[in-house]
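Residue strings, one per chain:
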Number of protein chains: 2
Amino acid sequence: MEKRPITLKDIAKALDLSTSTVSRAMRGHPAISEETRKLVQQYAEEHKYKPNTLALSLRTNKNNTIGVIVPEIVHFFFSSVLAGIQDEAESENYHLLMCNSNEMYEREVKSVQTLLDARVCGILASMSKNTLEYRHFQNIIDDDVHLVFFDRICPGINADKVVADDYRGAFTAVDYLAETGCSRIAFLGSDSHLPISNNRRMGYEDALRKHKLPVEKKWIKVCDTTALAQQVIPEMLDEENRPDAFFCINDEVAAYCLQIVKASGFRVPEDISICGFTNGYITEVTDPALTSVDQHGYEMGREAARLLINRIEGVETKKGVVSRLIKTDLVIRQSTR
Amino acid sequence: MEKRPITLKDIAKALDLSTSTVSRAMRGHPAISEETRKLVQQYAEEHKYKPNTLALSLRTNKNNTIGVIVPEIVHFFFSSVLAGIQDEAESENYHLLMCNSNEMYEREVKSVQTLLDARVCGILASMSKNTLEYRHFQNIIDDDVHLVFFDRICPGINADKVVADDYRGAFTAVDYLAETGCSRIAFLGSDSHLPISNNRRMGYEDALRKHKLPVEKKWIKVCDTTALAQQVIPEMLDEENRPDAFFCINDEVAAYCLQIVKASGFRVPEDISICGFTNGYITEVTDPALTSVDQHGYEMGREAARLLINRIEGVETKKGVVSRLIKTDLVIRQSTR
DNA sequence: GAGGATTATGCACACGTTTGCATAAAAAAT
DNA sequence: ATTTTTTATGCAAACGTGTGCATAATCCTC
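Residues numbered from 1 in each chain as written. Chains lettered and ligands numbered in written order. Predicted model: local features only at pLDDT ≥ 70, side-chain atom pairs only at ≥ 80, totals over all residues. Heavy atoms only, no water.

### Description of the nonpolar core
Our working rule: Each nonpolar core is a collection of buried residues, namely Ala, Val, Leu, Ile, Met, Phe, Trp, Tyr and Cys, held together in the definition by side-chain atoms within 4.5 Å. Throughout, exposure labels follow a simple rule: accessible area from a 1.4 Å probe, protein chains only, divided by the maximum for the residue type, with under 20% read as buried, over 50% as exposed, and the rest as partly exposed. The criterion used for residue contact is that any of the two residues' heavy atoms lie within 4.5 Å.
Formed by 92 residues in total, the largest nonpolar core has its most connected members in I185(A), F246(A), F247(A), I274(A), F246(B), F247(B) and I274(B). F246(A) has contacts with A186(A), L188(A), I233(A), M236(A), L237(A), C257(A), V261(A), I272(A), S273(A), I274(A) and C275(A), leaving out every residue within four places of it along the chain.

Structure (structure tokens):
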């Protein structure tokens, strides 16, 4: 009952040839006569011969597979990156092994182990928010497996990286807010151990300085989840010297911010401007539509995959770390003046 | 310079044993003395021996990998399903090979081929909107690879499936719309060759009949993209006998519908009620927040993966097709009365 | 027509495992 | 002391492929 797929050996037996001849015939080796080559290839075609990739992998110790670790799948930005990685990998004939750390350190460690055990050629990773220990990433490098970080890079590891131009994105956005008359601009960010947040904060501060606006501690908060938003934003609105603009670390926080601000009786953007980061689906369905900084996740995915594949195939040979910056673009909608 | 990972053979040589003994010692075979077993296992531990999964796969012709084909990654529902699949697969020690058809028939065919070539143990698939030819799916079955469809099933193929209870979700939603006083309820659906859309339409119609409301052709439209929404909805609002409720095939269309309706000067929900389907992120950020039918994508993913794995491991032995229905829940927010 | 160059094919091994069978050594039974 | 049983190990083959080397067959050249 078991239907065994046809192998080179089967073809050899059927045609009364040796497996080596068949193997060479299939790959068009010059030392094989035109006659037998055609014979073999036709027979293979007819019997739907498919090379066993497992055997091939074993022999070359290369399985044409790259592993991906994302902190969260159900997320516009990360799924965009994933789509980019997927497209690039597919066009280069690489398979994609997917892992999801779910923002948990333990699962991230386990994912790395899983991918190394699966003998992937390289790994694309974006770090979980809760990762403070980097040993597992170092293990990848120690195993001579290529590693490229995207977006959430790991500061303690010497590896290639592809990141959005967070600094410039933040600078441009805050510059725009200031240009349009906002003078008390708040920054709702993440924990400062994440380079992503830190870089944006620097862009934010530099833009303030450019406009001779004060950098106030009380207007810089860790607020990167909707739960935190519900708590932090009302407090800020209650103060006598309330912000007249919110620059948020992601679109979700911005959207909740918008709701809270409206519910508190302020008009957007007349009283308060709001700007998000990512430029995902939700920016177009809020009322008013959300101004946001486009991170070009799809492009980041493609770029990261391309860099990794170039490393794997020895096209990229730079000794040190390669860093790619994906440009960011401010997309102005109705939530800012 | 090349650091080759340590193998059973290496251990054997180092300990002056045969590879077979080492192999048995590692797996705790009873015919191996306690003494050598400990010796081997300790040596393996010290030298960080990792079994080569490629070799194992070749031997057993089983690579503990399942393939997934989704029509679109950047989509709340599908990424939710993916997350569910991922979690279930991981807990059962299966790897995930991911493909993205991007709603294109050709890429779907290619994805199937890719996965079969990779010798996956099974495939989870959701059909692209543009797929009308089913031969590639039949190939999976002919190759004796397990196949489970989720959500967008393929009507022409005899395979296991896990789907949302679309009929009941639609019925419940439309029933609720009617209960709350709507009498001219429009259905913005997909092409009727998709079972998903067809089942919902039947639920929609049955709910209308229950309330003795007429089923009008002009209130049933194909409108499953935001682009179509921009075109179709204004036309419907312009008619003298305009709908007083829109039941939409997904949240995106519902959100755009909401915008268009508001922009046309109608109040939501006082003049017109709007209901979406999926219950994704955006339902909470529109104004008013969107009533929607929760499809429980994550659960669907887990269920589909579990079913597939049960098939692979011979736990599920039913001869015919197994169909699982994932319950749907109406989540009432402010876009309906 | 004998030697050399060319062409086409096969043998054997390798990749890292697992496993049926044989076997050596030790222990037990007669 | 010899046979039988037990225990622990090794040999060899297998999974499906690719490749260096040997070799058989053909052709050319003088």
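Resuming the write-up.
### Let's talk about the pairing of strand β2 (residues 95-100) of chain B
Residues and elements named next belong to chain B. The following threshold applies: What counts as a helix is a DSSP run of H or I of at least four residues, what counts as a strand is a run of E of at least two, and both are numbered from the N terminus. Each pair of strands is called paired provided DSSP finds at least two bridges between the two strands. Note on handedness: a crossover is taken as right-handed if, strands pointing away from the viewer, the path from the first strand over the helix to the second is clockwise.
Of all six residues in β2, six are buried, a share of seventy percent or more. A two-sided burial pattern is seen for β2, the buried positions comprising H95, L97 and C99 on one face and L96, M98 and N100 on the other. Looking at chain direction, strand β1 (residues 65-70) and β2 are connected through six bridges and run parallel. From the neighbouring strand, T65 faces β2, where its bridge partner is H95. Crossover β1 to β2 through helix α5 (residues 76-91) is right-handed.

### Details of helix α9 (residues 195-210) of chain A
Residue and element names in this part refer to chain A. For clarity, the threshold we go by: An expected span of 1.5 Å times one less than the residue number is assigned to each helix.
The first and last C-alpha atoms of α9 sit 22 Å apart over 16 residues, in line with the 22 Å expected at 1.5 Å per residue. Considered for burial, the residues of α9 that qualify are I196, S197, R200, G203, Y204, E205, A207 and L208. Looking at the buried residues of α9, the elements they touch are α8 (166-179), β6 (185-189), β7 (220-222) and β9 (273-278). Positive backbone phi, approximately 55°, marks K212, located one or two places after α9.

### So, unusual backbone geometry
Cis geometry marks the peptide bond from D287(A) to P288(A), where omega comes out at 0°. With an omega of 10°, the peptide bond running from V268(B) to P269(B) counts as cis. The residue P269(B) is located in the loop between α11 (251-263) and β9 (273-278) in this model. Unlike most non-glycine residues, N102(A) shows phi in positive territory, near 55°. If you trace the backbone, N102(A) turns up in the loop between β2 (95-100) and α6 (105-117). Residue N102(A) is classed as partly exposed on the basis of its relative accessible area of 31%.

By themselves, these observations are geometric and do not establish any function.
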